[in-house]
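Structure assessment
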Amino acid sequence: GENVEQHPSTLSVQEGDSAVIKCTYSDSASNYFPWYKQELGKGPQLIIDIRSNVGEKKDQRIAVTLNKTAKHFSLHITETQPEDSAVYFCAATASDDYKLSFGAGTTVTVRA
Amino acid sequence: SAVISQKPSRDICQRGTSLTIQCQVDSQVTMMFWYRQQPGQSLTLIATANQGSEATYESGFVIDKFPISRPNLTFSTLTVSNMSPEDSSIYLCSVTPTGTVNTEAFFGQGTRLTVV
């Protein structure tokens, strides 16, 4: 089955700086890679995703890159704000089964 | 996206008892899943809830412990049976809406279960 590794486990950044979270996956059949943000006491919220036929996708301050050859993908948050503080999860799936395999999560703290 | 309601949002239960968690979606969805998130951990898939048939369980999860129903395209239940403190977790319902192109999955707010 799919194995997703996520690094770092914790990340502390100064407000206004950038944050980068990296994930690797094992199953070459995986073709869909979402990122979720989970705030304390809430369910995971889909913030951005990328499919395997695209190398990069951007949505305002958030971007995701995918290197299918190396089997890794990354989340980039620019101009971080205190409200970006949360736990971020990467995930991977092959679209024909819809089952998500999650990374271990990254706790991001943005210092004011 | 889809609006997902889970009930209850939290509960404290005695060991040996069972709890049924409900997941209601505001529109028809193709896929419904149940995940477990142990304290401070990531999400682990328990099973796929199949409409009108038995759920498909992942390795390490069995129907006797986690019976699941899905009577229609908008509703599912997960029961945690014969609970022990090790079952204390957040249980999350996830759906992939009908017609979704990108396999987008959305989550409910979760049910926070504490077994004492």
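What comes next concerns the included structure. (Residues numbered from 1 in each chain as written. Chains lettered and ligands numbered in written order. Predicted model: local features only at pLDDT ≥ 70, side-chain atom pairs only at ≥ 80, totals over all residues. Heavy atoms only, no water.)

1. Comments concerning the overall build of chain A
- Helices and strands together make up the secondary structure of chain A, namely zero helices and 11 strands.
- Its helices and strands in sequence order give chain A the pattern β-β-β-β-β-β-β-β-β-β-β, from N to C terminus.
- Taking 112 residues into account, the globule formula puts the C-alpha radius of gyration at 13 Å, and chain A, at 13 Å, falls close to it.
- Within chain A, the proportion of its 112 residues that are buried is 45%.
- Side-chain charges of chain A comprise 11 positive and 14 negative groups, with the mean position of each set lying 2 Å from the other. (Helix = DSSP H or I, 4+ residues; strand = E, 2+ residues; numbered from the N terminus. Rg over C-alpha atoms; globule rule 2.2 N^0.38 Å. Buried < 20%, exposed > 50% of the residue type's maximum accessible area, 1.4 Å probe, protein only. Lys, Arg positive; Asp, Glu negative; His and termini not counted. Charge placed at Lys NZ, Arg CZ, Asp CG, Glu CD.)

2. Brief notes about the packing of aromatic side chains
- For the coordinates displayed, the defined rule picks out 13 aromatic pairs over all chains.
- Each ring, one from Y36 of chain A and one from F107 of chain B, has its centre 5.3 Å from the other, and the planes form 90°; the classification is edge-to-face. Of this pair, Y36 of chain A sits in strand β4 (residues 32–38) while F107 of chain B sits in strand β10 (residues 106–107), placing the two residues on different chains.
- Assessed through its relative accessible area of 11%, F107 of chain B is described here as buried.
- Put simply, the rings of Y36, F89 and F102 of chain A together with F33, Y35 and F107 of chain B touch in pairs and so form one group of aromatic residues. (Phe/Tyr/Trp six-rings, centres within 6.5 Å; stacked < 30°, edge-to-face > 60°.)

3. With respect to unusual backbone geometry
All names here are of chain A.
- Each neighbour pair has its own omega, and for H7 with P8 the value is -5°, a cis peptide bond.
- Within the secondary structure, P8 sits in the loop between β1 (4–7) and β2 (10–14).
- Although it is not a glycine, Q60 adopts a positive phi angle of roughly 60°.
- Here Q60 lies in the loop between β6 (56–59) and β7 (62–67).
- Q60 gets classed as exposed once you look at its relative accessible area, which sits at 70%.

4. Section: the side chain of Q6 of chain B
Residues and elements named next belong to chain B.
- Structurally, Q6 is set in strand β1 (residues 4–7).
- From its side chain, Q6 meets the backbone nitrogen of C93 in a polar contact 2.9 Å long.
- There is a polar contact of 3.1 Å between the side chain of Q6 and the side chain of T111.
- Not counting residues up to four positions away in its chain, the partners in contact with Q6 are I21, Q22, W34, Y91, L92, C93, G108, Q109, G110 and T111. (Polar contact = N/O pair within 3.5 Å; in protein donor to acceptor, adjacent residues only side chain to side chain. Contact = heavy atoms within 4.5 Å.)

5. Looking at the interface of chain B and chain A
- Opposite the 22 residues of chain B that make contact, chain A presents 20 residues.
- Buried area between chain B and chain A, both sides added, is near 1700 Å², and the carbon and sulfur share of it is 59%.
- At the junction of chain B with chain A, the criterion picks out one salt bridge.
- Two residues, E58 of chain B and K99 of chain A, come together in a salt bridge whose shortest N-O distance is 2.9 Å.
- Scanning the region where chain B abuts chain A turns up six residue pairs in polar contact (both at pLDDT 80 or more).
- Going through the elements one at a time, β4 (29–37), β5 (43–49), β9 (89–97) and β10 of chain B are the ones with two or more residues in the side of chain B that touches chain A.
- Ranked by residues supplied to the side of chain B that touches chain A, first place goes to β4 of chain B with four residues.
- Along the lines of polarity and charge, the residues of the side of chain B that touches chain A split into 10 nonpolar, nine polar and three charged. (Buried area = accessible area lost by both parts, 1.4 Å probe. Salt bridge = Lys/Arg side-chain N within 4 Å of Asp/Glu carboxyl O. Nonpolar A, V, L, I, M, F, W, Y, C, P; charged D, E, K, R; others polar.)

6. Overview of the environment of C13 of chain B
Residue and element names in this part refer to chain B.
- As for its position among the elements, C13 is in strand β2 (residues 10–13).
- A residue is classified by how much of its surface remains accessible, and C13, at 8% relative accessible area, is buried.
- Separated by 103 residues in the primary sequence, C13 and V116 place their C-alpha atoms 6.2 Å from one another.
- The residues touching C13, leaving out its near neighbours within four places in the chain, are L19, M83, L113, T114, V115 and V116.

7. What to know about the nonpolar core
- Counting residues in hydrophobic clusters, the biggest one holds 43 residues, and the most contacted among them are F102 of chain A together with W34 and Y35 of chain B.
- No other element matches β4 of chain B, which puts six residues into this core.
- Those residues within four positions of F102 of chain A in sequence are excluded, and the remaining contacts are V4, Y36, F89, C90 and A91 of chain A together with Y35, S42, L43 and F107 of chain B.
- If you look at the next biggest cluster of nonpolar residues, it comprises 24 residues, including V4, Y25, I47 and C90 of chain A. (Core = buried A, V, L, I, M, F, W, Y, C linked by side-chain atoms within 4.5 Å.)

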